[in-house]
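# Fold and geometry: a report
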Amino acid sequence: MLRYSTFAASAALSLVVGSPMQVRAEELGSKTGPIEVEQLAKLDNPWGMTRLSDGRMLITEKPGRLRIYENGKLSDPIKGLPKVEYNAQGGLLDVEIDPDFANNGLVYWSYTEAAEQQPADARDVRDPRLGQFFDDNDNVLKGTAVARGRLEGNEIQDAKVIWRQSPKTIGRNHYGGRLVFSPDGHLFITSGDRQRFEPAQDLGSTLGKVVRINPDGSIPKDNPFVGTQGALPEIWSYGHRNPLGAAINPVSGQLWIHEMGPKGGDEVNVIEPGKNYGWPVVSDGNNYDDSPIPDHATRTEFQTPLRSWNPSISPSGLLFYAGHRFPQWRSNAVFGGLSSKALIRLALDGDKVSSEERLALNKRVRDVLEDTDGSLLLLVDGDDGELLRLTPGKRTFN
Ligand SMILES: [Ca+2]
Ligand SMILES: [Ca+2]
C-alpha cells in the first residue's frame, strides 16, 4: 500500500543559490511520480499559514510571531497582536483571512491566552491519566482564544478577541486551534480538550468541541444548541480530543476534521452539527498507560470516524487538493503527520477512504496549504522549522 521510494534518503541535494537564503531541493518518490521538495524559508516553530488574495502569505510562529512571506522573504514580526502564552503546545497557533479580505483586510488568529486573574494557588488536581504529560510546574491558568484585526502594512490594527475557550484551565497541551471559514461565511474553530477528558462531553464547556461563530464573534442563530438549557450556543459538535486539522470538503460542502487520539486512535471525522464524536468515552486507541478505552464500534450513539490509525500518526493541518500540478491528487484529503513525519494523502470515494499514501518526508509536518499554482506548501514543526514547497519532480524513476 505504501510505496515509498528509498530514493529520498539517498537523493543527491541540488543546491540553488540566489534567493535570500540557500534553497535546498531534493526529490522523493510517490505513487504518482517523483516530487521535488524545496526549502523556501527557515522558521522558529511555525504552526499555521494562509494565503492572502494578493499572493502574499501569512505564517505564524508559536512563540508569538506572525510574519508575511512575499517574494522569497519573510517580514519582521507583525505588530499589534495581543500577548501570547508560549509553552509546550501553546502559543500563537493558526491564522486565517476573512472571505472578504481584499476589501476589509481582516485577519483571524488563534492563540493561547493566559487568564487575566490568576488564582492565588493554581496547582491543579493531579489526574493519573495525564501520566508523563502532567507538569507540576505548570500553574498558569490559560486557554485557546481567537482574535481578529485589520492588517495594514506590517501592523494589525484594532485587534479584538472574538472567542475564548471556556473554562480556562492549567495544563500545557491540547489547545486545538485550527480555523476555517465555511462557504457561507461562518468561522469554525477546533477546540482541544486541554487534557481534561470529561469536559469534551459537557455542553456547558467549550473544551473538546468544534465551535461555529460569526466573523464578529456573535453566535449564528441556527447553531444546534442555541436555546438548549445549559449548553454553550457556539458549540457545533462535541466529544473531540485535540483536533489540529479542519477543512471544508468542496464536494459535499461539509466540514472535515482530524484529531489526535491518545495511544493510537487518531481519527478523521466528517462533522455534522450537534453530533457527539465520543471522546473520552470511546476511542480506537487506548490510554497512555495501556488501560483500554472502548472502541467506537461498541457504542452506536457516537459518530464513527471515517478512518482511525494505530499506531498514531499525529495528524496536523488539512486541505482538499484542487490544483493542477498533481492531477491524480485532485479532491484528495491531504494533511501533515507529526510523529509519523509524513505527508498523508487520502483518496476518496464520496465520504469513504479508497486508498492512503504516506510520503515519508522524515520531517514533522505541522500545516499544509495549496498555492495558487497548485504546488503544495508545508510547514515543518520545531526549532529548526521550515517552509517547504512540493512540486512534481523532473527526474525520472525506474
Ligand atoms: Ca471519536
Ligand atoms: Ca480503544
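Since this is a predicted model, take the numbers as computed values, not measurements.

## Brief notes about the sheet that holds strand 9 (residues 106–114)
The strand order across the open sheet built from 4 strands is 8-9-10-11, with neighbouring strands paired in antiparallel fashion. The sheet terminates laterally at strand 8 (92–97) and strand 11 (155–164), the two strands that pair on one side only. Strand-to-strand twist of the sheet, defined as the mean angle between neighbouring strand axes without regard to direction, takes the value 25°.

## Notes on the pairing of strand 8
Within strand 8, 6 of the 6 residues are buried, leaving the element largely enclosed by the surrounding structure. Sheet analysis places strand 8 next to strand 9, joined by 4 bridges and oriented antiparallel. Among the inter-strand pairings, Ile97 is bridged to a residue of strand 9, identified as Val107.

## Brief notes about the coordination of the calcium ion (ligand 2)
Protein coordination at the calcium ion (ligand 2) comes from Ser283 (O), Gly285 (O), Asn286 (OD1), Ile293 (O) and Asp295 (OD), with a distance range of 2.2 to 3.2 Å. On the primary sequence, the residues serving as donors to the calcium ion (ligand 2) are separated as S-x1-G-N-x6-I-x1-D. Given the relative accessible area of 6%, Ile293 is considered buried.

## A word on the pattern of salt bridges
Summed over the entire model, instances satisfying the criterion amount to 23 salt bridges. Of the charged contacts in the structure, one is a salt bridge between Arg212 and Asp222, with a shortest N-O distance of 2.9 Å. With Arg212 in strand 14 (residues 209–213) and Asp222 in the loop between strand 14 and strand 15 (235–238), this pair connects stretches of sequence that are 10 residues apart. Overall, Arg212 belongs to the buried group, its relative accessible area being 4%. Here Lys275 and Glu272 are joined by a salt bridge, their closest N and O atoms 3.1 Å apart. The class of Glu272 is partly exposed, set by a relative accessible area of 30%. The structure contains a network of salt bridges with shared partners spanning Asp44, Glu61, Arg65 and Arg67.

About the criteria used
- Residues numbered from 1 in each chain as written.
- Chains lettered and ligands numbered in written order.
- Predicted model: local features only at pLDDT ≥ 70, side-chain atom pairs only at ≥ 80, totals over all residues.
- Heavy atoms only, no water.
- Pairing = 2+ DSSP bridges.
- Helix = DSSP H or I, 4+ residues; strand = E, 2+ residues; numbered from the N terminus.
- Axes fitted to C-alpha atoms, helices over the stretch in contact; angles between N-to-C directions.
- Buried < 20%, exposed > 50% of the residue type's maximum accessible area, 1.4 Å probe, protein only.
- Donors = N, O, S within 2.8 Å, 3.2 Å for Na, K, Ca; no water.
- Salt bridge = Lys/Arg side-chain N within 4 Å of Asp/Glu carboxyl O.

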